[in-house]
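Listed below are the residues making up each chain.
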Amino acid sequence: MLINSENGVIELESFTTRLYKGMSLDQLEQSDFYKEKYHSIQDVKTGYFWYYFKSIEIQGYQVSFSLCFFGDQLDIIQINTWENGDAKDWNEWTEEKEMKVFHRNNTFLSQILDRLPTQKQKKPYPSRTFIFPWGNVWSVYDPRSAGSFMGINFNEEENK
């Protein structure tokens, strides 16, 4: 996977698939990535639909994508890494384990972006942000949801 530093487009080369804000649902459904890795969908009853995908290997990491569509256009991209030792349910969950996920996510982003985070914050939640002209790539540990997540935020102006 390569996140293009010029425009934020995600290139999934092994699936000849590009993910980007504004991508149509039809384009996604026709992709090899969708055909091979689609897992499930959640309608959150607000016009937003989350599409979840089985993990793929990227530079030695197991990585999964959650793609949020508003209507038929891709609006939000979230990413997560996974390993066998990660908590599978609340009985296995500890904050220490989740912080390991957060640190692993940060290492993964630094590797694929080939740079260190632009911003590091401890409050209100531990986070790392990589800032680009088109938006940013972020990683956070959110104690409210007891989870660590990564994603891409695009600036509000239209992608060129």
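Residues numbered from 1 in each chain as written. Predicted model: local features only at pLDDT ≥ 70, side-chain atom pairs only at ≥ 80, totals over all residues. Heavy atoms only, no water.

K.L.:
Quick question: what am I supposed to make of the overall build of the protein here?
P.N.:
Broken down by element type, the protein carries three helices and 12 strands. Taking 15 Å as the expected radius of gyration for a compact globule of 160 residues, we find that the protein reaches 15 Å, a close match to that expectation. With the C-alpha coordinates aligned to their principal axes, the bounding extent of the protein is approximately 40 × 35 × 35 Å. For the protein, with 160 residues in total, the buried portion stands at 41%. Considering only residue pairs separated by 6 or more positions, the protein has 37% of its internal contacts joining residues 24 or more positions apart. Carbon and sulfur atoms provide 48% of the accessible area of the protein, an area that totals close to 9,300 Å². Of note, the protein has its 17 positive side-chain charges centred 6 Å away from the centre of its 23 negative side-chain charges. (Helix = DSSP H or I, 4+ residues; strand = E, 2+ residues; numbered from the N terminus. Rg over C-alpha atoms; globule rule 2.2 N^0.38 Å. Buried < 20%, exposed > 50% of the residue type's maximum accessible area, 1.4 Å probe, protein only. Contact = heavy atoms within 4.5 Å. Areas by Shrake-Rupley, 256 points an atom, 1.4 Å probe, with all protein chains shown as cover. Lys, Arg positive; Asp, Glu negative; His and termini not counted. Charge placed at Lys NZ, Arg CZ, Asp CG, Glu CD.)

K.L.:
How should the pattern of salt bridges be read in this particular structure?
P.N.:
Close approach of charged atoms allows side chains with opposite charge to pair. The final tally for this structure, using the stated rule, is six salt bridges. The salt bridge involving Lys 45 is made with Asp 43; its shortest N-O contact spans 3.8 Å. The salt bridge involving Arg 104 is made with Glu 83; its shortest N-O contact spans 3.4 Å. In this pair, Arg 104 is assigned in helix 3 (residues 95-113) and Glu 83 in the loop between strand 8 (73-82) and helix 3, connecting sequence segments 21 residues apart. Using a relative accessible area of 43% as the deciding quantity, one classes Glu 83 as partly exposed. Each of Glu 83, Asp 86 and Arg 104 takes part in salt bridges that share partners, so that together they form one network. (Salt bridge = Lys/Arg side-chain N within 4 Å of Asp/Glu carboxyl O.)

K.L.:
For this particular structure, what's the right way to read the environment of Met 150?
P.N.:
Mapping Met 150 onto the fold places it in strand 12 (residues 147-154). Residue Met 150 is classed as buried on the basis of its relative accessible area of 0%. If we ignore the near neighbours within four places in the chain, the residues touching Met 150 are Ile 77, Gln 78, Ile 79, Asn 80, Thr 81, Asn 105, Phe 108, Leu 109, Trp 138 and Ser 139.

K.L.:
Help me understand unusual backbone geometry, please; the structure alone is not making it clear to me.
P.N.:
Most peptide bonds take the trans form, and the phi angle of most residues other than glycine is negative. Of note, the bond from Lys 123 into Pro 124 is cis; its omega dihedral lies within 30 degrees of zero at 0 degrees. Tracing the backbone shows Pro 124 in the loop between strand 9 (119-121) and strand 10 (127-132). At Thr 16, a position not held by glycine, the phi torsion is positive, near 40 degrees. In this fold, Thr 16 is placed in the loop between strand 2 (10-12) and strand 3 (17-19). Residue Gln 59 is not a glycine yet carries a positive backbone phi of 50 degrees. Counting through the fold element by element, Gln 59 comes out in the loop between strand 6 (56-58) and strand 7 (61-70).

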